[in-house]
Amino acid sequence: MNFDRPLEKLRKDSPEVRDAALIGLDGVVIARAGSGDGDAVEAAAAALADVLRKAAAAHRVAELGEPEEMVLATPDGTVVVRPVGTEYAVLALVESGGLSGRARHAVRLAAAAFEPELA
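About the criteria used
- Residues numbered from 1 in each chain as written.
- Predicted model: local features only at pLDDT ≥ 70, side-chain atom pairs only at ≥ 80, totals over all residues.
- Heavy atoms only, no water.
- Salt bridge = Lys/Arg side-chain N within 4 Å of Asp/Glu carboxyl O.
- Helix = DSSP H or I, 4+ residues; strand = E, 2+ residues; numbered from the N terminus.
- Buried < 20%, exposed > 50% of the residue type's maximum accessible area, 1.4 Å probe, protein only.
- Expected span 1.5 Å × (residues − 1).
- Contact = heavy atoms within 4.5 Å.
- Polar contact = N/O pair within 3.5 Å; in protein donor to acceptor, adjacent residues only side chain to side chain.
- Core = buried A, V, L, I, M, F, W, Y, C linked by side-chain atoms within 4.5 Å.
- 1 Å grid on protein atoms, 1.4 Å probe; cavity = no way out; pocket = protein on both sides within 12 Å on 5 of 7 lines; lining within 4 Å.
- Points joined across faces, edges and corners; volume = space filled by probe spheres on them.
- Nonpolar A, V, L, I, M, F, W, Y, C, P; charged D, E, K, R; others polar.

A. Representation of the pattern of salt bridges within the structure. Counting across every chain of the model gives 9 salt bridges. In this structure, Asp50 engages Lys54 in a salt bridge whose closest nitrogen and oxygen atoms are separated by 3.1 Å. Of this pair, Asp50 and Lys54 both sit in helix 2 (residues 38–61), 4 residues apart, which is roughly one turn of the helix. Residue classification places Lys54 among the exposed residues on the basis of a relative accessible area of 54%. A single network of salt bridges, built from pairs that share partners, joins Arg18, Asp19 and Arg32.

B. Layout of helix 2. Between the first and last C-alpha of helix 2 there are 35 Å, a value that for 24 residues agrees with the 34 Å anticipated at 1.5 Å per step. Here helix 2 has its buried residues at Val41, Ala44, Ala45, Leu48, Ala49, Leu52 and Ala56. As for helix 2, its buried residues are in contact with strand 1 (17–24), strand 2 (29–34), strand 3 (70–74), strand 4 (77–84) and strand 5 (88–95). Two or three places before Asp39, at the opening of helix 2, Asp37 has a side-chain oxygen 2.9 Å from that residue's backbone nitrogen.

C. Examining the nonpolar core more closely. By size, the foremost hydrophobic cluster in this structure holds 19 residues, and its most contacted members are Leu7, Leu10, Val17, Leu22, Val90 and Phe114. Going through the elements one at a time, helix 1 (4–13), strand 1, strand 2, strand 4, strand 5 and helix 3 (100–118) are the ones with two or more residues in this core. Take this core: its biggest share by element is 7 residues, from helix 3. Ignoring any residue separated from it by four or fewer positions in sequence, one finds Val17 in contact with Leu10, Arg11, Ala92, Leu93, Val94 and Ala103. Grouped together as the second largest cluster of nonpolar side chains are 16 residues, Leu25, Leu48, Leu52 and Leu91 included.

D. How the structure looks around the layout of surface pockets. Estimated volume of the largest pocket: approximately 210 Å³. Element by element, the count of residues in the lining of the largest pocket is highest for helix 2, at 4 residues. Residues belonging to the lining of the largest pocket are distributed by class as follows: 5 nonpolar, 2 polar and 3 charged. Here the second largest pocket is characterised by a volume of approximately 160 Å³. Residue lining of the second largest pocket: 13 residues in total, with Arg18, Gly77, Thr78, Val79 and Leu93 positioned closest to the centre. Listing elements by their share of the lining of the second largest pocket, those giving two or more residues are helix 2, strand 3, strand 4 and strand 5.

Written out as structure tokens, the structure reads:
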């Protein structure tokens, strides 16, 4: 599978997404599409993979099922993370003022495109 294609489509469908990445839940960036700082994407992937793993563990303890999406908003932008199976996730860095709903939808579609190969 060409891992770049769903990420490029995500950015095309949601132009407010500065960077999109397929990440492993070990924090490693597997594929990336974007115009932003690659180091920032690497740092976000490492930190947010850890947060997603911890959130999943907390959800299991609370008997809430597995998280389907994590959204973190700041005045400078929004981060959307959606798991793909149990070992991967799609990460999107959304520009401040961007349409986060459209970005969330595009992330959901990208995650679904990866599911057959990675779940």
